[in-house]
Amino acid sequence: MTKQNKAFKFRLYPNKEQEKLLSKTFGCVRFVYNKMLAERKETYEKFKDDKETLKKQKFPTPAKYKDEFPFLKEVDSLALANAQIHLQNAYKNFFEGRAEFPKFKSKKHKQSYTTNMVNGNIKIEDGHIKLPKFKKPLKMKQHREIPAEYKIKSCTISKTKTGKYYISILTEYEKETTTVNIQHVVGLDFAMDGLYVDSEKGKRANYPRFYRQALKKLAKEQRILSCRKKGSNRWHKQRLKVANLHEKVVNQRRDFLHKLSHHLASKYDCVVVEDLNMKGMSQALHFGKSVTDNAWGMFTTFLQYKLEEQGKKLIKIDKWFPSSKTCSCCGRVKESLSLSERTFRCDCGFVADRDWNASINIKHEGLRLLGLV
């Protein structure tokens, strides 16, 4: 038996009083984070040449500011403690070279905070959830049940740009470690125009490219927004229209990718993909919008956890593997292959769609890594 984590996300419907407390908590978490970051930045500037002394410096805690700023006592102390943990993780990532130096948070940042389960302070009952510091439980649209054996660990409350509230409930449960006997394997080659091409019949995902579909509407609404006086009532109304369009695109994309990854995870025992550098690809050859719209990274993340839940595997092969230049029939590797050549032709007589040929090679490489060939 191993311990596993799973999150459940639901829509929240707070009343006016609860909205005020949520807004105050978001602000206090941001305030404490920026205060601690300012102190850490000052310490870093002072001792950056002496790494040993810098490592010994202690992090400031939220409790330090409560006497000077009494309003911090009105919100959940666990939310403030989690702000400290998030800052410590940001510093750790910076020192280990995984991220840039932490930045100050502004009101334009995503508004959210995290609280932890301590002595039953979080409870779900009759479509409501009880949270620390709230007198009454918050109304929640619980569209799916959380199994009784799942223990709540923490909750993250967030607010979108359109004013909607959501809660992500992190749970922990015990699961038997099972592995599926791998029989059905598929290779997926990333395709700019349809997300991927599979190795079975060269079938494409036919991703609708929701962002591209919404571009005309977005351009029109953003053009109107640019003519409004910033901060006026009409500006706020128009800002909401633009934000709603963006939110719709995000929701459409997530829904499509969730359903597609669920279908693949149910059908195959192992899925093989390339470990692509999507950031580099988006910056090359003006592919930024297309790469971002496809959301390949999100798709592979969904696919991975859905496969792992069933004891199946997602294999990522080396991004430098010449899948497009290799003949899937004889194994010969071409010296060069331009992007404009959409049909793969080999001297052995093999002719196929370029992406289908690449997906077959990706599958073969995955089988080799699995030791099945």
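All of these numbers come straight from a predicted model, not from anything done at the bench.

Asks: Explain the overall build of the protein chain to me, please; I cannot follow it from the model alone.
Replies: A count of helices and strands for the protein chain gives nine helices and 13 strands. For the protein chain, the spread of C-alpha atoms along the principal axes amounts to about 80 × 60 × 55 Å. Considering the protein chain as a whole, with its 373 residues, one finds that 38% of them fall into the buried category. Considering only intrachain contacts with a sequence separation of at least 6, the fraction spanning at least 24 residues in the protein chain is 68%. Roughly 22,600 Å² of accessible area belongs to the protein chain as shown, and the carbon and sulfur atoms make up 50% of that amount.

Asks: For this particular structure, what's the right way to read unusual backbone geometry?
Replies: Trans is the common state for peptide bonds, and a negative phi is the common state for residues other than glycine. The phi torsion at Asp-126 lies on the positive side, around 50 degrees, for a residue other than glycine. By the element assignment, Asp-126 lies in the loop between strand S3 (123-125) and strand S4 (128-130). Taking relative accessible area as the criterion, Asp-126 reaches 76% and is therefore assigned exposed. One non-glycine residue with positive phi stands out, namely Arg-209, at about 55 degrees. Locating Arg-209 in the fold gives a position in the loop between strand S9 (195-198) and helix H4 (210-227).

Asks: Looking at this structure, how should I read the pairing of strand S6 (residues 151-159)?
Replies: For a regular strand, the rule is simple: side chains alternate between the two faces of the sheet. Looking at chain direction, strand S2 (residues 111-116) and S6 are connected through six bridges and run antiparallel. When the bridges of S6 are listed, Gln-111 appears paired with Lys-159. Once S6 ends, the chain turns through five residues before running back antiparallel as strand S7 (residues 165-175), passing Gly-163 with a positive phi of about 90 degrees.

Asks: Quick question: what am I supposed to make of the sheet that holds strand S1 (residues 2-13) here?
Replies: Think of a sheet as strands paired side by side through backbone hydrogen bonds, with each pair either parallel or antiparallel. In spatial order, the strands read S2-S6-S7-S1-S5-S4-S3; together these seven strands make up an open sheet with antiparallel pairing. Two strands close off the open sheet at either side, each with one partner strand: S2 and S3. Adjacent strand axes in the sheet meet at a mean angle of 35 degrees, parallel and antiparallel pairs treated alike. The sheet contact formed by S4 and strand S5 (residues 138-141) spans two bridges and is antiparallel. Pairing of Ile-129 across the sheet is with Leu-138, part of S5. Relative to the sheet, helix H1 (residues 16-47) contacts S2, S5, S6 and S7, its axis offset from that of S2 by approximately 90 degrees.

Asks: Is there a simple way to think about the sheet that holds strand S10 (residues 270-274) in this case?
Replies: Here we have four strands laid out as an open sheet, ordered S9-S8-S10-S11, and mixed in their pairing. Strand pairing shows two members of the sheet lacking a second neighbour, S9 and strand S11 (313-317), which therefore form its edges. Averaged over all pairs of adjacent strands, the angle between their axes in this sheet comes to 30 degrees, without regard to strand direction. Pairing of strand S8 (residues 185-191) with S9 involves four bridges; the strand directions are antiparallel. Its bridge partner lying in S9, Ala-191 is registered against Leu-195.

Asks: Help me understand the packing of H1 against helix H3 (residues 77-95) in this model?
Replies: Angle between the axes and distance between the axes are the two parameters that describe a pair of packed helices. Close contact between H1 and H3 brings their axes to 9 Å; oriented N to C, the two are set at 40 degrees. One element, H1, and the other, H3, form an angle in the oblique class. Between H1 and H3 lies a crossing of right-handed hand. In contact with Thr-25, Cys-28, Val-29, Val-32, Tyr-33, Met-36, Leu-37, Arg-40, Lys-41 and Tyr-44 of H1, H3 contributes Ala-79, Leu-80, Ala-83, Gln-84, His-86, Leu-87, Ala-90, Tyr-91, Phe-94 and Phe-95. A per-class count over the contact of H1 with H3 returns 15 nonpolar, three polar and two charged.

Asks: Would you explain the environment of Thr-343 in this entry?
Replies: Of note, Thr-343 is situated in strand S12 (residues 343-345). The class for Thr-343 is partly exposed, based on a relative accessible area of 34%. Taking the C-alpha atoms as reference, Thr-343 lies 4.6 Å from Asp-353; in sequence the two are 10 residues apart. The contact partners of Thr-343, leaving out residues within four places of it in the chain, are Val-351, Ala-352 and Arg-354.

Asks: Would you mind showing me how to read H4 here?
Replies: One turn of the α-helix equals 3.6 residues, which is why residues spaced by three or four share an orientation. When the terminal C-alpha atoms of H4 are compared, their 26 Å separation across 18 residues agrees well with the 26 Å that a helix rising 1.5 Å per residue should span. Of all the bends in H4, the largest measures some 45 degrees and sits at Lys-216. Those residues of H4 that fall on the buried side of the exposure criterion are Phe-210, Ala-214, Leu-218, Glu-221 and Leu-225. Where the residues of H4 are buried, they touch helix H5 (233-267) and helix H7 (288-294).

Asks: How should I be thinking about the environment of Thr-292 in this particular structure?
Replies: Positionally, Thr-292 belongs in helix H7. Note on Thr-292: relative accessible area 54%, which makes it exposed. In this structure, the C-alpha to C-alpha distance between Thr-292 and Leu-188, residues 104 residues apart in sequence, is 18 Å.

Reading the values: rules and limits
- Residues numbered from 1 in each chain as written.
- Predicted model: local features only at pLDDT ≥ 70, side-chain atom pairs only at ≥ 80, totals over all residues.
- Heavy atoms only, no water.
- Helix = DSSP H or I, 4+ residues; strand = E, 2+ residues; numbered from the N terminus.
- Buried < 20%, exposed > 50% of the residue type's maximum accessible area, 1.4 Å probe, protein only.
- Contact = heavy atoms within 4.5 Å.
- Areas by Shrake-Rupley, 256 points an atom, 1.4 Å probe, with all protein chains shown as cover.
- Pairing = 2+ DSSP bridges.
- Axes fitted to C-alpha atoms, helices over the stretch in contact; angles between N-to-C directions.
- Parallel < 35°, antiparallel > 145°, perpendicular 65-115°, else oblique.
- Left-handed = near helix turned anticlockwise from the far one by under 90°.
- Nonpolar A, V, L, I, M, F, W, Y, C, P; charged D, E, K, R; others polar.
- Expected span 1.5 Å × (residues − 1).
- Bend = angle between axes of the 7 residues up to and from the residue.

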